[in-house]
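Read off the chains here:
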Amino acid sequence: MQLQAEVLRRDGRRIAFVPTMGFFHEGHLSLMRIGRREADVLVVSIFVNPAQFGPEEDFDTYPRSFEKDLELSRREGVDLAFTPDKPQLYPDGYQTYVNLENLPNHLCGLSRPVFFTGVATVVAKLFNIVRPHIAVFGEKDYQQLLVIRRMVQDLDFDIEIIGAPIVREPDGLAMSSRNNYLTAQQRPAALSLYKSLNRARALVESGIHDSVRILKEVERIILAYPDTEIDYLALCDLKSLEDVKNIDRPVLMALAVKVGSTRLIDNMVLDPKC
Ligand code: PAF
């Protein structure tokens, strides 16, 4: 991969990169379409990264569909699929990790303590291997996008990071490989995330700017459904992810909710001036 990237770069070709863990859905395909549009060569990686899963998390059961993913990549005009295995990325004796100081101390980082180190490490490695000019990440993982942008800035990667809008199912559920775990009975509860985000937006736009009040209403909506457990609800600053008490500027409403044993995340930017 590194050699191919070198040759492509020498020929003056612009490389777009979409890192993934596979099990493609429309969200992944939307990232590929952006990459396709923005560069000459589109590279996709498929690697379920063990370093970003905690010991109690779903690494072993994470859905995988390798052949189907390759077929979908071909259909989207992907030029190169990079599909390393674990010993290639983390050989025996591996001991170097990328840690961020502040961004992981919020939202998902609190209940998934190894997640962002795992993500930053594998993405840094993939950047060094694929040598892209641009890389595309989904805004559903908003905190991950901020972490990657910060890492690129701090470690001087010469790569433009593009954020892509959340893709939703027709009923509003944000697309995620983990939606595959949901049963038909759990679906209404899963939709409580989107429903509560919309309610929060309506409240903010109607002039209610007190975060405590909005978060209470969001909590009420989610807990009205059976089988839901809130991991976090936050109204926070778009850059630092620090909590915002009075919504006097656009903020991120972010939430993580367990529906049965499936942990779902979603977010929306709320703008008091709309
Ligand atoms: O968003 C994902 O699918 C993963 O976290 C990523 C960026 C591919 C790193 O493993």
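Residues numbered from 1 in each chain as written. Predicted model: local features only at pLDDT ≥ 70, side-chain atom pairs only at ≥ 80, totals over all residues. Heavy atoms only, no water.

**Focus on the packing of helix 9 (residues 192–205) against helix 10 (residues 211–223)**
Packing of helix 9 against helix 10 brings their axes to within 9 Å, and their N-to-C directions diverge by 150°. Between helix 9 and helix 10, the crossing angle belongs to the class labelled roughly antiparallel. Crossing geometry of helix 9 relative to helix 10 is assigned as right-handed. Of the residues in helix 10, those touching helix 9 at Ser-192, Ser-196, Arg-199, Ala-200, Leu-203 and Val-204 are Ile-214, Glu-217, Val-218, Ile-221 and Ile-222. Here the residues of the contact of helix 9 with helix 10 sort into 7 nonpolar, 2 polar and 2 charged. (Axes fitted to C-alpha atoms, helices over the stretch in contact; angles between N-to-C directions. Helix = DSSP H or I, 4+ residues; strand = E, 2+ residues; numbered from the N terminus. Parallel < 35°, antiparallel > 145°, perpendicular 65-115°, else oblique. Left-handed = near helix turned anticlockwise from the far one by under 90°. Contact = heavy atoms within 4.5 Å. Nonpolar A, V, L, I, M, F, W, Y, C, P; charged D, E, K, R; others polar.)

**Focus on the layout of surface pockets**
Vacant regions in the atomic arrangement are exposed by a probe of water-molecule size rolled over the atoms. Considering only enclosed or pocket space, the second largest pocket measures out at about 450 Å³ in volume. Surrounding the second largest pocket, 19 residues form its lining, Leu-103, Leu-146, Arg-149, Arg-150 and Met-151 being those nearest its centre. Its residues assigned to classes, the lining of the second largest pocket comprises 9 nonpolar, 4 polar and 6 charged. (1 Å grid on protein atoms, 1.4 Å probe; cavity = no way out; pocket = protein on both sides within 12 Å on 5 of 7 lines; lining within 4 Å. Points joined across faces, edges and corners; volume = space filled by probe spheres on them.)

**A word on the sheet that holds strand 7 (residues 251–259)**
Pairing within the open sheet is antiparallel, and its 3 strands lie in the order 6-7-8. In this open sheet, the two strands that pair with only one neighbour each are strand 6 (228–236) and strand 8 (262–270). Here the average twist between neighbouring strands, direction ignored, is 10°. Where strand 6 meets strand 7, 8 bridges bridge the pair, whose relative direction is antiparallel. Of the residues in strand 7, the one forming a bridge with Cys-236 is Leu-252. Across the sheet, helix 10 is in contact with strand 6 and strand 7; its angle to strand 6 comes to roughly 155°. (Pairing = 2+ DSSP bridges.)

**Points about unusual backbone geometry**
In this model, Asp-227 sits at a positive phi of 70°, which is unusual for a non-glycine residue. Of note in the backbone geometry, Leu-241 takes a positive phi value of approximately 70° without being a glycine. Accessibility expressed as a relative area gives 1% for Leu-241, which makes it buried. (Buried < 20%, exposed > 50% of the residue type's maximum accessible area, 1.4 Å probe, protein only.)

**A few points about empty space enclosed by the protein**
One pass over the full model with this rule turns up 1 cavity of 30 Å³ or more. Within this model, the largest cavity holds a volume of roughly 70 Å³. What lines the largest cavity is simply Lys-140, Leu-173, Ala-174, Ser-176, Asn-179, Ala-190, Leu-193, Tyr-194, Arg-263, Leu-264, Ile-265 and Asp-266. Elements supplying a minimum of two residues to the lining of the largest cavity: helix 9 and strand 8. With 4 residues, strand 8 is the largest single contributor of residues to the lining of the largest cavity. A per-class count over the lining of the largest cavity returns 7 nonpolar, 2 polar and 3 charged.

**Re the sheet that holds strand 4 (residues 134–138)**
As summarised here, the arrangement of the 5 strands in space is 3-2-1-4-5, forming an open sheet in which the pairing is parallel. Both edges of this open sheet fall to strand 3 (80–82) and strand 5 (160–164), since each of them pairs with a single strand only. Taking the axes of each pair of neighbouring strands and ignoring which way they run, one obtains an average angle of 25° across the sheet. As defined by bridge partners, strand 1 (residues 15–20) adjoins strand 4 across 2 bridges and the pair is classed as parallel. Counterpart to Phe-17 in the pairing with strand 4 is Ala-135.

**Brief notes about the nonpolar core**
Counting 47 residues, the largest nonpolar core has Phe-127 and Ile-161 as the members making the most contacts within it. The leading source of residues in this core is helix 6 (residues 115–130), at 11 residues. When neighbours within four sequence positions are excluded, Ile-161 is seen to be in contact with Phe-127, Ala-135, Phe-137, Leu-145, Ile-148, Arg-149 and Val-152. Counting 25 residues, the second-largest nonpolar core is a separate cluster that includes Ala-190, Met-253, Val-259 and Leu-270. (Core = buried A, V, L, I, M, F, W, Y, C linked by side-chain atoms within 4.5 Å.)

Function cannot be inferred from these measures alone, as they are strictly geometric.
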